[in-house]
Amino acid sequence: MDKKTITATGHRKRAIAQIKMTPGSGKITVNGVDVNEYMPFATFVMDLKQPLVATGNENAFDIVVKATGGGFSGQTGAIRLAITKALLEYDKETDQTREDSYRKILKANGFVTRDARKKERKKPGLKKARRAPQFSKR
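Keep in mind that this is a model prediction, so the values were computed, not measured. Residue positions are given per chain, counted from 1 along the sequence in the order it is written. At least 70 in pLDDT is required for a residue's local features to be given in this predicted model, at least 80 for side-chain atom pairs to be given and counted, and no such filter applies to totals for whole chains, interfaces and linings, which use all residues. Derived side-chain values reflect all non-hydrogen atoms in the structure, with water molecules and hydrogen atoms excluded from consideration.

Undergrad: Just to check I follow, could you spell out the environment of Gly 70 for this structure?
TA: On the secondary structure map, Gly 70 appears in the loop between β5 (61-68) and α4 (72-90). Owing to a relative accessible area of 54%, Gly 70 belongs among the exposed residues under this scheme. For Gly 70 and Ala 15, which are 55 residues apart along the polypeptide, the C-alpha to C-alpha distance reads 4.5 Å. Residues contacting Gly 70, with those up to four places away along its chain left out, are Arg 14, Ala 15 and Gln 75. Each helix is a run of H or I in the DSSP string that is no shorter than four residues. Each strand is a run of E no shorter than two, and both are numbered from the N terminus. In this scheme, a residue with accessible area under 20% of its type's maximum is buried, one over 50% is exposed, and one in between is partly exposed, where area comes from a 1.4 Å probe on protein chains only. Throughout, a contact is declared for two residues whenever any of their heavy atoms are within 4.5 Å.

Here it is, written out as structure tokens:
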């Protein structure tokens, strides 16, 4: 798999992340900026690198990310899901029943499942989705 580019898309809340993953030195770029400069907290960077660390590929791929919508937390989750999908695509030729297959490792850590939680819409007559106006007896 010499210089094979893998593309993948991840979603989380309102955020969408499109990535291009190529074999390289472990450099991650988000919207043209280094990931450590783009994300405000180191925990977000650590969170989006989890699939790479779990499979032992933290320095094996260069990743270019285009993230839109949502906030930093949603974008982090979207990037993590996109990286997971790209790793599964990269490892699809290997036997999936083996214990060291990427799919088994990522699924055991809970990275393969998309987090479907979104913000609930506001209902008429309420202040927020479920918050009712304050009741006054008198």
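Undergrad: Just to check I follow, could you spell out the packing of aromatic side chains for this structure?
TA: The description of an aromatic ring pair uses the distance of the two centres, along with the angle that the planes make with each other. Classification of ring pairs uses Phe, Tyr and Trp, with its six-membered ring standing for Trp, and accepts pairs whose centres are within 6.5 Å; under 30 degrees between planes counts as stacked, over 60 as edge-to-face, and the remaining range as tilted. One pass over the full model with this rule turns up 3 aromatic pairs. Ring plane angle 75° and centroid distance 5.7 Å describe the contact between Tyr 38 and Phe 72, whose orientation is recorded as edge-to-face. Remark: Phe 72 occurs in helix α4 and Tyr 38 occurs in helix α1 (residues 35-38); sequence separation between them is 34 residues. We classify Phe 72 as partly exposed; its relative accessible area is 35%.

As far as function goes, none of this settles anything; it's purely spatial.
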